[in-house]
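Here's the letter readout for the chains.
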Amino acid sequence: MTTDQRKPLPFIANFAAGAIAGVSEILTFYPLDVVKTRMQLETGKAKHGMAGTLSAIVREEGFGRLYRGLVPPLLLEAPKRAVKFAANDFWGKTYMGLSGESKMTQQLSILTGCSAGATESFVVVPFELVKIKLQDKTSTFTGPIDVVKQIIKKEGPLGLYAGMEATFWRHLWWNGGYFGCIHQVRSMLTPAETQQGQLFNNFVSGSVGGFVGTLINTPFDVVKSRIQGTAKVPGVVPKYNWTYPALMTIMREEGPAALYKGFLPKVLRLAPGGGVLLLVVEFTLGVFRKALGPPYI
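So, here's what we can say about the structure.

So, about the overall build of the protein. Along the protein, the regular secondary structure elements total 9 helices and 0 strands. In the protein, the succession of α and β elements from N to C terminus is α-α-α-α-α-α-α-α-α. Taken against the 2.2 N^0.38 rule, which gives 19 Å for 297 residues, the C-alpha radius of gyration of the protein at 20 Å falls within 12% of a compact globule. Along the first, second and third principal axes, the C-alpha atoms of the protein reach 60 × 40 × 35 Å. Looking at the protein residue by residue over its 297 residues, the buried ones come to 49%. The contacts of the protein with a sequence gap of at least 6 include a subset with a gap of at least 24, amounting to 80%. Accessible surface for the protein amounts to roughly 14,500 Å². Of this, 68% is attributable to carbon and sulfur atoms. Side chains of the protein carry 32 positive and 20 negative charges; the gap between the two charge centres is 3 Å.

Set out below in structure tokens:
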């Protein structure tokens with residue numbers, strides 16, 4: 001049966017594939033995320049590059065600090081990745097139906113990716129907030145539960161959604177670039193004739209998509225980290241509050257380059273990470289198709 005003729009896998013299969021891929025990616029690349037956050041939270045002229053930040057963390061705080069805050073994203077990765085790929089599947093079918101297209105186009109890929117990213121952002125905010133609070137060098141929280149208790153005590157339950165708007169834009173732009181590039185790169189690669197060739201094509205297209213998505217969304221990620229990493233003072237308007245004004249503030253005070261603080265560790269994680277993510281998803285879906293048999297293969 002050809003790719004166009006086979007029946008789409010059920011939702012639970014996409015959910016499981018996204019979950020497995022997400023956990024695999026985060027366990028592999030998490031220390032780079034800690035380094036990225038440290039660089040983004042540093043205001044003014046950067047004192048260290050990626051290597052300097054990494055060595056300083058290990059030297060001053062110990063190797064284990066590179067995994068501080070791992071629990072929230074690890075708990076989040078399964079539903080986050082599952083929602084991302086399930087939402088991508090849902091919005092893709094919806095837009096194809098509305099446009100009358102029989103197959104995915106470049107424009108629909110970008111629109112679908114942006115919509116999936118926006119959907120995903122509503123799930124991730126509290127987990128991202130807790131992670132940022134724990135990754136901060138000045139953090140005095142004892143663990144994820146302590147962060148949640150302190151935020152609710154001081155700001156109420158809605159305090160867990162600090163940075164919601166910035167997270168929305170971060171995920172919208174990253175997913176648009178990621179899924180849009182995957183479609184374009186796949187069309188440029190030589191069609192694979194073996195499973196190994198297909199996995200290679202998926203890794204290449206996912207890596208390129210991860211790079212482009214990171215290039216587009218890093219300024220929004222910097223703003224999100226600043227908003228979520230800054231302690232709120234009662235009666236004082238936060239310096240970093242809304243996304244686009246915050247972008248202008250950082251650019252004016254620190255220069256345009258500051259909007260790309262943490263870009264290197266971020267892209268080193270998300271470019272190959274995007275490839276690993278897509279590779280694991282496609283491999284897992286292939287396993288499910290073989291297990292379920294016709295009409296899924």
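What follows deals with the packing of aromatic side chains. Two descriptors summarise a pair of aromatic rings, namely the distance from one centre to the other and the angle between the planes of the rings. Under the definition given, this model contains 13 aromatic pairs. Taking 5.6 Å as the distance between ring centres and 20 degrees as the angle between the ring planes, the aromatic pair formed by W91 and Y95 counts as stacked. With W91 and Y95 both in helix α3 (residues 71-99) and 4 residues apart, this pair spans about one turn of that helix. Residue class for W91 comes out partly exposed when judged on its relative accessible area of 24%. Judged by relative accessible area, which is 16%, Y95 ranks as buried. Aromatic side chains W174 and Y178 sit 4.6 Å apart centroid to centroid with 20 degrees between the ring planes, which places their arrangement in the stacked category. Of the two residues, W174 and Y178 are both situated in helix α6 (residues 164-188); the distance of 4 residues between them amounts to about one turn of the helix.

A few words now on the nonpolar core. Within the largest apolar cluster, 16 residues are counted, with the highest numbers of intra-cluster contacts made by Y178 and V281. Secondary-structure elements contributing two or more residues to this core are α1 (11-41), α6 and α9 (263-292). Sorting elements by how many residues they give to this core places α9 first, with 6 residues. Among residues more than four places away in sequence, those in contact with V281 are A17, G18, A21 and F85. Among the nonpolar cores identified, the runner-up in size contains 11 residues, and I227, Y240, A258 and L259 belong to it.

Okay, helix α8 (residues 243-254) next. Helix length check: α8, at 12 residues, gives a terminal C-alpha distance of 16 Å against a target of 16 Å (1.5 Å per residue), a fit within 8%. T243, A246, L247, T249 and I250 are the residues of α8 that are buried. Projected down its long axis, α8 shows its buried positions confined to an angular sector of 165 degrees, all on one face. Where α8 is buried, its residues touch α6 and α7 (195-229). Positive backbone phi, at 95 degrees, marks G255, one or two positions downstream of α8.

A few words now on the pattern of salt bridges. Considering all chains together, one arrives at 17 salt bridges under this definition. Residue D221 is joined to R170 by a salt bridge in which the shortest nitrogen-to-oxygen separation is 2.7 Å. A residue pair is termed long-range when its members are at least 10 positions apart, and D221 in helix α7 and R170 in helix α6 qualify at 51 residues. The residues D221 and R170 share a single accessibility class, namely buried. The salt bridge partner of R186 is E282, with a shortest N-O separation of 3.4 Å. Here E282 lies in helix α9 and R186 lies in helix α6, a separation of 96 residues in the sequence. Taken together, the shared-partner salt bridges connect D33, K36, E128, K131, R170, D221, K224 and K266 into one network.

Each value, and the rule that gives it
Residues numbered from 1 in each chain as written. Predicted model: local features only at pLDDT ≥ 70, side-chain atom pairs only at ≥ 80, totals over all residues. Heavy atoms only, no water. Helix = DSSP H or I, 4+ residues; strand = E, 2+ residues; numbered from the N terminus. Rg over C-alpha atoms; globule rule 2.2 N^0.38 Å. Buried < 20%, exposed > 50% of the residue type's maximum accessible area, 1.4 Å probe, protein only. Contact = heavy atoms within 4.5 Å. Areas by Shrake-Rupley, 256 points an atom, 1.4 Å probe, with all protein chains shown as cover. Lys, Arg positive; Asp, Glu negative; His and termini not counted. Charge placed at Lys NZ, Arg CZ, Asp CG, Glu CD. Phe/Tyr/Trp six-rings, centres within 6.5 Å; stacked < 30°, edge-to-face > 60°. Core = buried A, V, L, I, M, F, W, Y, C linked by side-chain atoms within 4.5 Å. Expected span 1.5 Å × (residues − 1). Arc of directions from axis to C-beta. Salt bridge = Lys/Arg side-chain N within 4 Å of Asp/Glu carboxyl O.

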